[in-house]
Amino acid sequence: MGSNSSRIGDLPKNEYLKKLSGTESVSENDPFWNQLLSFSFPAPTSSTELKLLEEATISVCRSLVINNPRTGNLGALIKVFLSRTKELKLSAECQNHIFIWQTHNALFIICCLLKVFICEMSEEELQLHFTYEEKSPGSYSSDSEDLLEELLCCLMQLITDIPLLDITYEISVEAVSTMVVFLSCQLFHKEVLRQSISHKYLMRGRCLPYTSKLVKTLLYNFIRQEKPPPPGAHVLSQQSDGGGLLYGLASGVATGLWTVFTLGGVGSKAAATPELSSPLANQSLLLLLVLANLTDAADAPNPYRQAIMSFKNTQDSSPFPSSIPHAFQINFNSLYTALCEQQTSDQATLLLYTLLHQNSNVRTYMLARTDMENLVLPILEILYHVEERNSHHVYMALIILLILTEDDGFNRSIHEVILKNITWYSERVLTEISLGSLLILVVIRTIQYNMTRTRDKYLHTNCLAALANMSAQFRSLHQYAAQRIISYTCRHLRRYVYVLDKLYFPHSHCSTLQHCFSTLSDNGEELLSLTCSHILRSYASSLFSLLSKKHNKVLEQATQSLRGSLSSNDVPLPDYAQDLNVIEEVIRMMLEIINSCLTNSLHHNPNLVYALLYKRDLFEQFRTHPSFQDIMQNIDLSPFFSSRLLQAGAELSVERVLEIIKQGAVALPKDRLKKFPELKFKYVEEEQPEEFFIPYVWSLVYNSAVGLYWKPQDIQLFTMDSD
């Protein structure tokens, strides 16, 4: 075949690929394997390269699917690989480049073939291809050797036992990728698989003893973020005239055996993104998440999830309880550092969520850290750039905050951490602000974005729950954070009046009131028209007096409409009426958050009292509202503080007003503020969480895995975005 350059489309005509997939059996001892495995080329990374490679080799793979039951060539290739891996560790120690390189090539071919086999056939058919028995060609036996289980055990040993060196980096990545491919049968099923070959092999039998060692190795791969070796570390330097070339190893070994073809320049990836600067770390994390989210077997829990739930810090010398299987120890400081640095990726955020939610040892350690800002700031930045993130990433970041705010120590400590010059926060220059105040600003911004754009009840409920958990420990709130708490509440109070007006007087066309809301700025801080504000105050008071008895009936109708329980003869309520429940829910929660802060730490938050007094006219209108009057009586502190401010004289500076507020907070009678039940919310996963997490994890694999490509039209597990 010579060494002349050829198109990638010529691969199906390659004589060695044709022999592998043809009708002739090739013994595992045949010199053919050395010739087949003597090739080298840069592993394809971009989706374009991967697509071209798959399209060029699909006919070869399908030919093997047809002929393999008679030839057993797939089994022979796997046996060649298995025999080589027994000497792999010694080869790494002896720097035997050529042996490791050929073993990697064998695994690369196996991975490519396995991916097509899994996509093209059922699990039962797949197992038949891996249980071929040479002494009886073309027949299958229940007691024949199961090469699939042996291959998986070998891959686990390779991942966990082979030292990570420049010459072993690529085969380590390929081993992890092959395990991901083995588990990829889930991609081709709409329903979550609860019984599959992954359960058969990975949760029992010969693979089970490797559980804790595999999880530990994958975690350390993520922690270390090892970059691939430089080009000079490869077996042979690449030819300079053909981009990325597939070429013969040496004359007399492979010259003329492989057609040379070009992979480079076909739409290669741009510069590697931060999360992909270490292919091994990225691939290991994806495999870890896939394993952790496997459903439990019928007769056994997921051992990989058990390992993730129970591992401890290397500095923890206490013995593991005998009831905890698959236990191991890992360096928590290194894990914490890696998690802080890698939060730009969905998969790293999902790992952080998994560990905080499921591993109490990790959660306790993280909450005890004195540098929590290193972890919290990247999470806040995810939420701040909500427009640029997918909804799942935002959910995970938000739930992480909710889990953290369940701890009172965390809620206190974040107000003691002072940050300077938060450059990514663009609404206002924040030269100095506490981590707690910044968290409040970002969460309120997230709620507001959700209410105006996505309107996802789940998201805003969890945002409010996180604020509620923090509220009793609010300390020294930044003036802007205090202002945003009050102004956001006021925005919904105004909106509430507007909805009631439209609900009861749909034909009144109150242009002044409509104008009132149309002039609200994006962050809802001020009404631009003082005339409108005056009309709103007087209008709201009379409206509440008129409608207080009818109010509950309106809410009941809105609720019924949302649930679709109104009869077909009923006139459906308009959108703004359906919003009534949501608006009232947000108002009630915000009022309870304000109340919780005032009753628990009034003297620590003069800026909140200042902002409350500034908006006192609007709050006073709701003092008699049937849904809010109990808590409004607590929040309405204006008579007490206003009298003190009047005594101090006119034209007071902001500093003097704050000083009077601080003095008044100390003098306020303790029985003046009625105690309400403590606001505490705890995150609990919904029933059957796998229905959310398994499609999510596999979407991350589909979009982020290095060197793996699946045709979009074959994917059944989740809906593909239209290109």
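Cut-offs and rules
- Residues numbered from 1 in each chain as written.
- Predicted model: local features only at pLDDT ≥ 70, side-chain atom pairs only at ≥ 80, totals over all residues.
- Heavy atoms only, no water.
- Helix = DSSP H or I, 4+ residues; strand = E, 2+ residues; numbered from the N terminus.
- Buried < 20%, exposed > 50% of the residue type's maximum accessible area, 1.4 Å probe, protein only.
- Contact = heavy atoms within 4.5 Å.
- Areas by Shrake-Rupley, 256 points an atom, 1.4 Å probe, with all protein chains shown as cover.
- Expected span 1.5 Å × (residues − 1).
- Salt bridge = Lys/Arg side-chain N within 4 Å of Asp/Glu carboxyl O.
- Axes fitted to C-alpha atoms, helices over the stretch in contact; angles between N-to-C directions.
- Parallel < 35°, antiparallel > 145°, perpendicular 65-115°, else oblique.
- Nonpolar A, V, L, I, M, F, W, Y, C, P; charged D, E, K, R; others polar.
- Arc of directions from axis to C-beta.
- Polar contact = N/O pair within 3.5 Å; in protein donor to acceptor, adjacent residues only side chain to side chain.
- Phe/Tyr/Trp six-rings, centres within 6.5 Å; stacked < 30°, edge-to-face > 60°.
- Lys NZ or Arg CZ within 6 Å of the ring centre and 35° of its normal.
- pLDDT = per-residue confidence, 0-100.
- Core = buried A, V, L, I, M, F, W, Y, C linked by side-chain atoms within 4.5 Å.

Chemist: Any chance you could explain the overall build of the protein chain here in plain terms?
Modeler: Across its full length, the protein chain carries 32 helices and eight strands. Counting over 723 residues, the protein chain shows a buried share of 55%. If you take every contact in the protein chain between residues at least 6 apart in sequence, the share linking residues at least 24 apart comes to 73%. For the protein chain, the exposed surface amounts to about 32,100 Å²; the carbon and sulfur share of it is 50%.

Chemist: I tried to follow helix α17 (residues 373-384) on my own but got confused; where do I start?
Modeler: Residues three or four positions apart in an α-helix share a direction because the helix packs 3.6 residues into each turn. In this model, α17 (12 residues) spans 15 Å end to end at C-alpha, consistent with the 16 Å of a helix rising 1.5 Å per residue. α17 sits mainly inside the fold: 10 of its 12 residues count as buried. Three or more residues of α17 are buried, namely Glu373, Leu375, Val376, Leu377, Pro378, Ile379, Leu380, Ile382, Leu383 and Tyr384.

Chemist: Any chance you could explain the pattern of salt bridges here in plain terms?
Modeler: Oppositely charged side chains can pair when the atoms bearing their charge come close. Here the structure, examined in full by the defined rule, presents 17 salt bridges. Between Glu120 and Arg62 there is a salt bridge; the shortest N-O distance is 3.1 Å. Of the two residues, Glu120 sits in helix α6 (residues 97-120) while Arg62 sits in helix α3 (residues 47-71), which places them 58 residues apart along the sequence. For Glu120, a relative accessible area of 38% translates into the label partly exposed. Its salt-bridge partner being Glu592, residue Arg588 comes within 2.9 Å of it at the nearest N-O pair. Remark: Glu592 and Arg588 occur in helix α26 (residues 575-601); sequence separation between them is four residues, near one turn of the helix.

Chemist: Mind showing me how you'd approach the side chain of Gln473 here?
Modeler: Mapping Gln473 onto the fold places it in the loop between α21 (457-471) and α22 (479-504). Residue Gln473 is classed as buried on the basis of its relative accessible area, which comes to 9%. Contacts of Gln473, omitting those with residues within four sequence positions, involve Asp408, Asn411, Arg412 and His415.

Chemist: What exactly am I supposed to notice about unusual backbone geometry here?
Modeler: Outside of glycine, negative phi angles account for most residues, and trans bonds account for most peptide bonds. Unlike most non-glycine residues, Gln95 shows phi in positive territory, near 60°. Tracing the backbone through its elements, the reader meets Gln95 in the loop between α5 (88-93) and α6. Among the residues examined, Gln95 registers a relative accessible area of 42% and is labelled partly exposed. If you check the backbone angles, Ser476 has positive phi at about 45° while not being a glycine.

Chemist: Would you mind showing me how to read the packing of helix α15 (residues 346-358) against helix α16 (residues 360-367) here?
Modeler: The description of two helices packed together rests on the angle between their axes and the distance between the axes. Look at α15 against α16: their axes get within 5 Å of each other, and the N-to-C directions meet at 100°. Comparing the axis directions of α15 and α16 gives the class roughly perpendicular. For the pair α15 and α16, the contacting residues are Leu352, Leu355, Leu356, His357 and Gln358 in the first and Ser360, Val362, Arg363 and Met366 in the second. Looking at the contact of α15 with α16 residue by residue, the classes come out as five nonpolar, three polar and one charged.

Chemist: Quick question: what am I supposed to make of helix α31 (residues 654-667) here?
Modeler: In this model, α31 (14 residues) spans 20 Å end to end at C-alpha, consistent with the 20 Å of a helix rising 1.5 Å per residue. Among all positions of α31, only Val657, Leu658, Ile660, Ile661, Gly664 and Ala665 are buried. Considered in projection along α31, the buried side chains sweep an arc of 160° and stay on one side of the axis. Relative to its buried face, α31 has exposed residues pointing more than 90 degrees away, namely Glu655 and Val666. Considering only its buried residues, α31 is in contact with α27 (606-614) and α30 (638-647).

Chemist: Sorry, what's going on with the environment of Arg194 here?
Modeler: Along the polypeptide, Arg194 turns up in the loop between α9 (169-183) and α10 (197-202). Between the C-alpha atoms of Arg194 and Thr295, which are 101 residues apart in sequence, the distance is 5.8 Å. Residues within four places of Arg194 in sequence aside, it is in contact with His199, Thr295, Asp296, Gln688, Glu690 and Glu691. In this structure the side chain of Arg194 is engaged in a polar contact, spanning 2.9 Å, whose partner is the side chain of Glu691.

Chemist: How should the packing of aromatic side chains be read in this particular structure?
Modeler: What the rule picks out here adds up to 18 aromatic pairs. Their ring planes at 50° and their centres at 6.4 Å tell us that Tyr496 and Phe622 sit as a pair that is tilted. One end of the pair, Tyr496, is in helix α22; the other, Phe622, is in the loop between α28 (616-621) and α29 (629-635), with 126 residues separating them in the sequence. Relative to Phe718, the ring of Tyr702 has its centre 6.1 Å away and its plane inclined at 70°; by these criteria the two rings are edge-to-face. In this pair, Tyr702 is assigned in helix α32 (residues 690-704) and Phe718 in the segment after α32, connecting sequence segments 16 residues apart. Since its relative accessible area comes to 14%, Phe718 is described here as buried. Linked through ring pairs, Phe311, Phe328, Phe332, Tyr336 and Tyr365 together constitute an aromatic cluster. Above the plane of the ring of Phe99 lies Arg84, whose end atom (NZ or CZ) is 5.0 Å from the centre. Seen from the ring of Phe320, Lys312 lies directly overhead, with NZ or CZ sitting 4.2 Å from the centre.

Chemist: I would appreciate a short explanation of the side chain of Asn67 in the present structure.
Modeler: Mapping Asn67 onto the fold places it in helix α3. Among the polar contacts listed, one links the side chain of Asn67 to the side chain of Arg70, at a separation of 2.8 Å. Apart from the residues lying within four places of it in its own chain, the contact partners of Asn67 are Ser21, Gly22 and Thr23.

Chemist: Is there a simple way to explain the confidence of the model for the protein chain in this structure?
Modeler: Note: predicted coordinates in regions of low pLDDT should not be interpreted at a detailed level. Averaged over every residue, the pLDDT of the protein chain is 80; the share at 70 or more is 79%. Segment residues 234-275: pLDDT under 50, and 91 contacts once partners within four positions in sequence are set aside and those in other chains are kept. Long-range and interchain partners of residues 561-568, a stretch whose pLDDT sits below 50, account for eight contacts in this model, where long-range means more than four residues apart.

Chemist: Is there a simple way to think about the nonpolar core in this case?
Modeler: Nonpolar side chains tend to gather and get buried jointly when the protein is soluble and globular. Ranked by internal contacts, the top residues of the largest apolar core, which has 221 residues, are Phe81, Leu202, Tyr425, Leu438, Ile485 and Trp698. With residues up to four places along the chain from it excluded, the contact list for Ile485 reads Ile440, Ile444, Phe474, Leu477, Met590, Ile594 and Leu608.

Chemist: How should the environment of Lys216 be read in this particular structure?
Modeler: Residue position: Lys216 is located in helix α11 (residues 211-224). Separated by 95 residues in the primary sequence, Lys216 and Phe311 place their C-alpha atoms 8.7 Å from one another. Discounting residues that sit within four places of it in the chain, Lys216 has contacts with Phe328, Gln329 and Ile330.

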